[in-house]
Amino acid sequence: MNLKQYKDVLVNPLIKENPITLQILGICSALAVTSNLNVTLIMCIALTSVVSLSNLFISIIRNYIPSSVRIIVQMTVIATLVILVDELLKAYDYETSKKLSVFVGLIITNCIVMGRAEAFAMKERPFVSFLDGLGNGIGYSLILIGVAFIRELFGAGTLFGITIFGDWYPTNNLLLLPPSSFIIIGLFIWLIRGYNNDQIEQDEFDLSKHSVSPDLNKRELNV
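Residues numbered from 1 in each chain as written. Predicted model: local features only at pLDDT ≥ 70, side-chain atom pairs only at ≥ 80, totals over all residues. Heavy atoms only, no water.

Caption draft 1: Main features of the overall build of the chain. A tally of helices and strands in the chain yields nine helices and two strands. Listed by position from the N terminus, the elements making up the chain come as α-α-α-α-α-α-α-β-β-α-α. Buried positions account for 38% of the 223 residues belonging to the chain. If you take every contact in the chain between residues at least 6 apart in sequence, the share linking residues at least 24 apart comes to 74%. Put simply, the chain shows about 13800 Å² of open surface, and 64% of that area lies on carbon and sulfur atoms. (Helix = DSSP H or I, 4+ residues; strand = E, 2+ residues; numbered from the N terminus. Buried < 20%, exposed > 50% of the residue type's maximum accessible area, 1.4 Å probe, protein only. Contact = heavy atoms within 4.5 Å. Areas by Shrake-Rupley, 256 points an atom, 1.4 Å probe, with all protein chains shown as cover.)

Here it is, written out as structure tokens:
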């Protein structure tokens, strides 16, 4: 691979091939951890670490993994990294660990992590696999940070728990509810696809034209 190809592997997942806005992967955590920007950043660091390191380790041993058990080996590597990240978080930031609850542990079920391991790391060399994991992790992080910024700022009037708008701003409970993440992500998808038309999917089939106006030439048969 030349330098441009390395750059594409790292940069494309940020916007052009973002795992959330283009592939619609990993959105479950967007509902649960984006009401507070501090918690969101920890979650982003955790997932980026797991996806990049799992890509690296799986790529290193890819030629020694029997095809029949490759998914089991991938899950074992990913689960080991998730446990390590979870234990480090409990050791150094226990309060945030409690706020994240089971969601760090559920990184193993995140489609981004398993998807990149199977689709990329099993086929490519270690360094470029690490870059692919890093790029997808950062792409995931950009969207979650954007969602958390909007939800916390306009929902609670704070950022990182620090009051921004003051007592005059009423709490917006709609933005503090998890389903609001879907609305914000939908707006991100709309903005990105409005800017980049290449992300708009082609219609799989043509819809027939329909009119609500009556057909005056049609006669009904009286039976």
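Caption draft 2: Molecular detail of the pattern of salt bridges. Per the stated rule, a full pass over the model turns up four salt bridges. Among the salt bridges present, the one from Glu-118 reaches Arg-70, with a minimum N-O distance of 2.9 Å. Of this pair, Glu-118 sits in helix α6 (residues 111-121) while Arg-70 sits in helix α4 (residues 70-92); the two residues are 48 residues apart in sequence, bridging distant segments of the chain. The class for Glu-118 is partly exposed, based on a relative accessible area of 26%. The class of Arg-70 is partly exposed, set by a relative accessible area of 27%. (Salt bridge = Lys/Arg side-chain N within 4 Å of Asp/Glu carboxyl O.)

Caption draft 3: Representation of the environment of Ile-164. Here Ile-164 shows up in the loop between β2 (162-163) and α8 (173-176). Distance from Ile-164 to Leu-153, taken between C-alpha atoms, is 7.5 Å for residues 11 residues apart in sequence.

Caption draft 4: Local environment of a nonpolar patch on the surface. Together, Leu-53, Phe-57, Ile-60, Ile-61 and Tyr-64 give the surface a local cluster of nonpolar side chains, amounting to about 480 Å² of exposed area. When you line up the elements, Ile-60 lands in helix α3 (residues 37-60). Given a relative accessible area of 45%, Ile-60 falls into the partly exposed group. (Patch = residues over 30% accessible without salt bridge, like charges linked within 9 Å, V, L, I, M, F, W, Y side chains within 5 Å.)

Caption draft 5: Quick look at the side chain of Ser-59. Positionally, Ser-59 belongs in helix α3. With relative accessibility at 0%, the residue Ser-59 sits in the buried group. At 3.4 Å, the side chain of Ser-59 forms a polar contact with the side chain of Ser-129. Look past the residues within four positions of Ser-59 in its chain and what remains in contact with it is Ala-121, Glu-124, Arg-125, Pro-126 and Ser-129. (Polar contact = N/O pair within 3.5 Å; in protein donor to acceptor, adjacent residues only side chain to side chain.)

Caption draft 6: The arrangement of the layout of surface pockets in detail. The computed volume of the largest pocket comes to approximately 220 Å³. Ile-24, Gly-26, Ile-27, Cys-28, Ser-29, Met-43, Phe-103, Leu-106, Ile-107, Thr-109, Asn-110 and Cys-111 are the residues that line the largest pocket. Residue classes in the lining of the largest pocket are distributed as eight nonpolar, four polar and no charged. (1 Å grid on protein atoms, 1.4 Å probe; cavity = no way out; pocket = protein on both sides within 12 Å on 5 of 7 lines; lining within 4 Å. Points joined across faces, edges and corners; volume = space filled by probe spheres on them. Nonpolar A, V, L, I, M, F, W, Y, C, P; charged D, E, K, R; others polar.)

Caption draft 7: Broad picture of the nonpolar core. Counting 36 residues, the largest nonpolar core has Val-50, Ile-107 and Tyr-140 as the members making the most contacts within it. Only α3, α4, α6, α7 (126-156) and α9 (180-195) provide two or more residues apiece to this core. If near-sequence neighbours (up to four positions away) are discounted, Ile-107 is found in contact with Met-43, Ala-46, Leu-47, Val-50, Val-82 and Val-113. (Core = buried A, V, L, I, M, F, W, Y, C linked by side-chain atoms within 4.5 Å.)

Caption draft 8: Layout of unusual backbone geometry. In this model, Phe-160 sits at a positive phi of 55°, which is unusual for a non-glycine residue. Following the sequence through the fold, Phe-160 ends up in the loop between β1 (158-159) and β2. According to the relative accessible area criterion, Phe-160 is partly exposed, its value standing at 44%.

Caption draft 9: Structural view of the environment of Ile-184. By secondary structure assignment, the location of Ile-184 is in helix α9. Sequence separation between Ile-184 and Ile-150 is 34 residues; the distance between their C-alpha atoms is 8.2 Å. When neighbours within four sequence positions are excluded, Ile-184 is seen to be in contact with Val-147, Ile-150, Arg-151 and Leu-175.

Caption draft 10: Here's a closer look at the side chain of Thr-158. With respect to the helices, strands and loops of the structure, Thr-158 is situated in strand β1. Side chain to side chain, Thr-158 and Glu-152 meet in a polar contact 3.0 Å long. Discounting chain neighbours no more than four positions away, the residues touching Thr-158 are Glu-152, Leu-153, Thr-163 and Ile-164.

Caption draft 11: A look at the packing of α6 against α7. With their axes 11 Å apart at the nearest point, α6 and α7 run at an angle of 150° to one another. The orientation of α6 relative to α7 falls into the category roughly antiparallel. Crossing geometry of α6 relative to α7 is assigned as right-handed. Every residue of α7 that contacts α6 at Ile-112, Arg-116, Phe-120 and Ala-121 is listed here: Val-128, Ser-129, Asp-132, Asn-136 and Tyr-140. Looking at the contact of α6 with α7 residue by residue, the class counts come to five nonpolar, two polar and two charged. (Axes fitted to C-alpha atoms, helices over the stretch in contact; angles between N-to-C directions. Parallel < 35°, antiparallel > 145°, perpendicular 65-115°, else oblique. Left-handed = near helix turned anticlockwise from the far one by under 90°.)

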